[in-house]
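The primary structure of each chain is shown beneath.
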Amino acid sequence: TIALARMTSVPNPTRGSTSIGLDLSRISAGADIALRVFDVSGRLVRELWNGTRTAAPTSVDWDGRSTNGTRVAPGKYLARVDADGEYNGRQVLDV
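Residues numbered from 1 in each chain as written. Predicted model: local features only at pLDDT ≥ 70, side-chain atom pairs only at ≥ 80, totals over all residues. Heavy atoms only, no water.

## Describing the confidence of the model for the protein chain
For step 1, the next point in the chain: Mean pLDDT over the protein chain: 82, with 89% of residues reaching 70 or higher.
For step 2, the next point in the chain: Per-element confidence in the protein chain ranges from a low mean pLDDT of 71 for strand 7 (residues 86–94) to a high of 93 for strand 4 (residues 44–52). (pLDDT = per-residue confidence, 0-100. Helix = DSSP H or I, 4+ residues; strand = E, 2+ residues; numbered from the N terminus.)

## Quick notes on the nonpolar core
For step 1, the next point in the chain: Counting 20 residues, the largest nonpolar core has I20, L22, L35 and W62 as the members making the most contacts within it.
For step 2, the next point in the chain: Only strand 2 (18–23), strand 3 (32–39), strand 4, strand 5 (59–62) and strand 6 (75–83) provide two or more residues apiece to this core.
For step 3, the next point in the chain: At four residues, the largest contribution of residues to this core is made by strand 6.
For step 4, the next point in the chain: In this structure, W62 is in contact with G16, S17, T18, I20, V37, V45, R46, L48, V72, Y77 and V92, ignoring residues within four places of it in sequence. (Core = buried A, V, L, I, M, F, W, Y, C linked by side-chain atoms within 4.5 Å. Buried < 20%, exposed > 50% of the residue type's maximum accessible area, 1.4 Å probe, protein only. Contact = heavy atoms within 4.5 Å.)

## Some thoughts on the sheet that holds strand 2
For step 1, the next point in the chain: With antiparallel pairing, three strands are arranged side by side in an open sheet as 1-2-5. Each edge of the open sheet is held by one strand with a lone partner, namely strand 1 (6–10) and strand 5. Averaged over all pairs of adjacent strands, the angle between strand axes in this sheet comes to 20°, irrespective of strand direction.
For step 2, the next point in the chain: Relative to strand 2, strand 1 is paired through five bridges, and the arrangement is antiparallel. Bridge pairing in strand 2 links M7 to L22. (Pairing = 2+ DSSP bridges. Axes fitted to C-alpha atoms, helices over the stretch in contact; angles between N-to-C directions.)

## A few points about the environment of G30
For step 1, the next point in the chain: Position of G30 relative to the elements: it lies in the loop between strand 2 and strand 3.
For step 2, the next point in the chain: Distance in space between the C-alpha atoms of G30 and T54 is 6.8 Å, their sequence separation being 24 residues.

## Brief notes about the side chain of D39
For step 1, the next point in the chain: For D39, the position within the fold is in strand 3.
For step 2, the next point in the chain: Overall, the relative accessible area of 17% leaves D39 in the buried class.
For step 3, the next point in the chain: Residues contacting D39, with those up to four places away along its chain left out, are V45, K76 and Y77.

Given below as structure tokens:
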């Protein structure tokens, strides 16, 4: 079992875009990491970043758009970090 990432999102709630801060210091150096946004029904809205911990950013901006570039509907969304099969989520509100 690996230690999970810690996440913050600012601003939260948001009216368009938010910056998702990542603290991956407790994740093993070679871990494969992905940051994705899901809607409340569990559908993938957008993958924001995918790579290894050594190349991971400390924050990622989400502009409130889906993979196809359309603005998401107002509501609740979950930003989720997956690291070697384990995850940590933080709710991101889009108003």
